[in-house]
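# Observations on chain architecture
These are the residues of each chain, in order.
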Amino acid sequence: MINRDWKFYKGKSSNAFSPEFDDSEWESISIPHTWNNIDGQDGTIGGKSIKDTDYFRGDCWYRKKVFFEKEDEEKQIYLRFQGVNIQTQLYVNGAFVGSHKGGYTAFSFDITEFLNFGSENLIAVMVNNEYTEEIAPLTADFTFYGGIYRETELIKKNKIHFSFGEYATRGIKITTPTVTDKKAECRISAVIENNTDYEKTLNIISRIEKNNLFAENPYIEQTDFEKYNTDFDEFENCKDKEITILPNSKQEIGFSFEIENPHLWNGRKDPFLYRATLEISENGNVIDKISDTMGLRYFEIDGENGFYLNGKSCNLRGVSRHQDREGIGNAITEHEHNEDFALIYNMGANSIRLAHYPQAEYFYRLCDYYGIIVWAEIPVVDLIGGSGAYENPNDERKEFFKTTKSQLKEMIHQNYNHPSIVCWGIQNEIMAKYDDVMRPFTQELHNIAKAEDKYRYTTMATNHGAASEWKSDLIAWNVYPGWYGMSRKQLGWFMDKNRFNRPTGISEYGAGGNHNQHKLKPKRPKHNGQWHPEEYQTISHEAFLKSIEKRKYLWCTYVWNMFDFGSDGRNEGGRPGMNDKGLVSFDRKTKKDSYYLYQSNWSKNPMVHITSKRLEARKRKTFFKVYSNGSTVTLYINGRKFKTISSESCRQRGIFIFKAVKLSKGRNEIKAIADCSGREIADTAVFIG
C-alpha cells in the first residue's frame, strides 16, 4: 500500500503532472481521502437534482514521490487503485499513463516503462467528480464523494507472473459449475504473462485446501458458527502441469478438481471456506503465487417459495448499505468496514444489498467469512445519459452505454470468487420514461452478465411497473408505504397486487426517523418536512415486518437503509444533507429502536430492549414497549415487579407491550428482564413522571 505522504490540491492545475511543479504549499494527506466529507453532507442549497447541490465537483490533484531501487528494474510494476470517484488520469514522471471512468471499481496500470530506477519518481493523479452524461450514476439520492477514497497499491511482480487482466482482478479465477451435497466440481484458472525475451518452461501447481485464515472482526459479539472448526478433517487436493510459454506472450492455464462430500458454505450457520492457490516455479524456484478463498454452495430461487440455499429454504432478510460515514464521507478504512459489518451481523440479518454501487473488496470478504449473502450492483440509478434511440444514440449516450458495460464487467470479474454473492444488480429506479431504451439495454446487460458469469442471477430494483418488460432473472420493488404513499399497513397488499412475471422481492422499504425527535403516539409526518419522530419509523417497521412474515414468495427483503447517509440535496427531518431512513445514526453511535425490532426477530443472540428511552418525560399513566427474543419479559418499576408477559401472548413476534403503567412523580427506574432459554438478560431506562 502507498497510502501515506500524498500531497493534495483542490482545483484545476495546468501542469501539476510535471516533476518540476512545486507542490510544497499543497495539503499533506493520507489515502483513503475525499474532498467532500464536509460539504457533501451539509445540504446548504437542497433540491433533489444532483446539479442543485453545492458540494465541490471538479478537478483535484494528488501527487506522491516514490523511490524505486535499481534492482526493481527486473520487476513488472503496477499501480492499482481500489476506488477513485469518478474519473481518473494517471501520470508518472510527467508522462500520461492512462485513464479510467467509473467511481466504484478497481483499476490498475502497468507503470514499468515510465519509471526511473535507482531514483525518485513522481506519481500524479488527476481526479474529477463533476456531473457527466457519460458515466453512471448521473443523479441519485446520495452524495458523489470525489477522491481517491479507497486504498492504493504498488505491486511489484517478476517478469513472469499471473496477470491482473483487463479488469484489475487479483489474478485467480475460481469457478464451481456443479455443487451438490455429495460432489463439487471446481475449476481454478489464471493467465500467465511472460514479459521476457525468452521462451520459458514452467511448472504450475494448483492446490485446494482448507482455509485456515479468518477475517477477524473485533466488533462481532458472537457468531452463529464455530470460528475455528477443528472437527473438519484437513483437506488438500493438489495438481501440477508443465507448460512452455513463448517470449512476450500470455497463456491461460486451468485445473479441474472434483471434491467428494464437500463441506458446503452454508450462510450464517456455517460459512466454511476452502483456499485455492496457484503457483509458478522455474527450475524449482517459486516466482509467483496467488490464492483466494472459495465457498462451495448451490442456490436457487422459486417464484412461490423464495430463496433456497443448499436445498433448504433461506429467504433473504436484510438491509441495504451505503458506505459513507458522517464527517468522513466515502474515505473509510477497515476499521469503519468492521464496525458497519458488525452492526449488521449482530442485528441478525442474513443478507445485504450493497447499494447503489460496487463496494470495497474487504467488505465482500467479510460477507464470505461470516456467511452473509450479497446482492451486488452497478451504479445505474435514476437516469440514462445522453439522448437518442438505443439503436442510434448520440455520442454521450454511446459513451454511457460503454462505461456502464465496463462497470458491470469490472464488478463481476473483480468479485467473481466471492461465494457470498448470488446476484448481480443491473439497474435501480431508472425512470419509466426510458422504457424504449431500457428494454434492449437491460437485455444487453443481462447477456453480458451471463457471458461473464453464467452461475449467478441478474436482478434489478424498480419503483414502477414498466420494468416488468425489462430483462433480468429476478426483480424487486422499492416501495415505501406510509412514507411516500399508502398506509404503512399496506406493504403486503401492494406486493400481492404487484408481483412481477419472475421471482419478486422487496429491494427497499422503510421510513425516516430522527433519533432526536420523539412522540409516543405519532401521526404520520410529512416525508419532506422537518419532523421525523423516531417512534413513527418504529411502528412503520413493525407493520412492515408483519406483512413480510406472511409472504414466503418474497425471495428478498432489504430495509432502506442500515445507516443514515449523506445526500447533499436533502433538507428534512431536522438534518440537512442527510437521508434519515437508517436503523443506525450517520455516525454509528446510536442504534434506533427499529434496529432492536429486527434484532428481536432475526438474531439468535439473547436480547432485550426498552423502546423510546430518549423520550424521558412521560405522563404518570403510560405504557412501555419492549423488544426481545426471549420467551418471557418481566417489567420492574422502581424495583417492584409490574408484570410478566410471555411471547405466546404477544400479538407480534418480539414485541412486548406493558399497558396502564403508573409512574411515580419524578424519577422512575425501569428494568426489563427477558428469559432467553433460561438465561436472564436485562435492560434499564430512566423516565421522569
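Heads up: these notes are all about the structure in this document. (Residues numbered from 1 in each chain as written. Predicted model: local features only at pLDDT ≥ 70, side-chain atom pairs only at ≥ 80, totals over all residues. Heavy atoms only, no water.)

## Re the nonpolar core
Counting 95 residues, the largest nonpolar core has F341, Y370, L408, M495 and M562 as the members making the most contacts within it. Those residues in contact with F341, other than ones at most four positions away along the chain, are N217, I220, I352, F363, L366, C367, Y370 and I372. With 29 residues, the next largest nonpolar core counts L264, F272, A276 and M294 among its residues. (Core = buried A, V, L, I, M, F, W, Y, C linked by side-chain atoms within 4.5 Å. Buried < 20%, exposed > 50% of the residue type's maximum accessible area, 1.4 Å probe, protein only. Contact = heavy atoms within 4.5 Å.)

## Regarding the side chain of K625
Note on placement: K625 falls in strand β36 (residues 621–628). Since its relative accessible area comes to 13%, K625 is described here as buried. Side chain to side chain, K625 and E542 meet in a polar contact 2.8 Å long. (Helix = DSSP H or I, 4+ residues; strand = E, 2+ residues; numbered from the N terminus. Polar contact = N/O pair within 3.5 Å; in protein donor to acceptor, adjacent residues only side chain to side chain.)

## Side note on the pairing of strand β41 (residues 679–688)
Bridge count between strand β40 (residues 667–676) and β41: 10 bridges; the pairing is antiparallel. Within β41, the position partnered with N668 by the bridge is F687. Here β40 folds back onto β41, and the loop between the two strands holds two residues, one of which, S677, carries a positive phi near 55°. (Pairing = 2+ DSSP bridges.)

## Notes on the packing of helix α1 (residues 334–347) against helix α2 (residues 361–370)
Taken N-terminus to C-terminus, the directions of α1 and α2 make an angle of 40°; their axes are 10 Å apart at the nearest point. Viewed along their axes, α1 and α2 adopt a mutual orientation that is oblique. When you trace α1 past α2, the crossing you get is right-handed. Residue-level contacts link E334, H337, N338, D340, F341, I344 and Y345 of α1 to Y362, F363, L366, C367 and Y370 of α2. (Axes fitted to C-alpha atoms, helices over the stretch in contact; angles between N-to-C directions. Parallel < 35°, antiparallel > 145°, perpendicular 65-115°, else oblique. Left-handed = near helix turned anticlockwise from the far one by under 90°.)

## Comments concerning the packing of aromatic side chains
Under the counting rule described, the total for this entry stands at 41 aromatic pairs. Ring centres 5.5 Å apart and planes at 20° place the aromatic pair Y9 and W26 in the stacked group. Residue Y9 is found in strand β1 (residues 6–10), and its partner W26 is found in the loop between β1 and β2 (27–29); the two are separated by 17 residues along the sequence. Taking relative accessible area as the criterion, Y9 reaches 35% and is therefore assigned partly exposed. Through pairs of rings, three or more aromatic residues link up here, namely F214, F225, F341, Y345, F363, Y369 and Y370. Looking at R63, its charged tip hangs above the ring of W26, at a distance of 5.9 Å from the centre. The ring of F563 has R588 lying over it, and the distance from NZ or CZ to the ring centre is 3.9 Å. (Phe/Tyr/Trp six-rings, centres within 6.5 Å; stacked < 30°, edge-to-face > 60°. Lys NZ or Arg CZ within 6 Å of the ring centre and 35° of its normal.)

## Regarding unusual backbone geometry
Note that the residue after N85, namely I86, is joined by a cis bond; omega there is 5°. If you trace the backbone, I86 turns up in the loop between β4 (75–81) and β5 (87–92). Note the cis peptide between A355 and H356, where omega equals -10°. Within the secondary structure, H356 is located in the loop between β24 (351–354) and α2. A positive phi is found at D5, a non-glycine position, where the angle reads about 60°. Within the element layout of this structure, D5 appears in the segment before β1. With a relative accessible area of 64%, D5 lands in the exposed category. Phi at R588 takes a positive value of approximately 70°, unusual for a residue other than glycine.

## Regarding the pattern of salt bridges
Should the charged atoms of two oppositely charged side chains come close, the side chains can pair. Throughout the structure, instances matching the rule amount to 37 salt bridges. For R353, the salt bridge identified is with E377, shortest N-O distance 3.0 Å. Here E377 lies in strand β25 (residues 373–377) and R353 lies in strand β24, a separation of 24 residues in the sequence. Both residues of the pair, R353 and E377, count as buried. Residues K625 and E542 are paired through a salt bridge, measuring 2.8 Å at the closest nitrogen-oxygen approach. Placement of K625 in strand β36 and of E542 in helix α6 (residues 534–549) is noted, with a sequence separation of 83 residues between them. A single burial state applies to K625 and to E542, both of which are buried. (Salt bridge = Lys/Arg side-chain N within 4 Å of Asp/Glu carboxyl O.)

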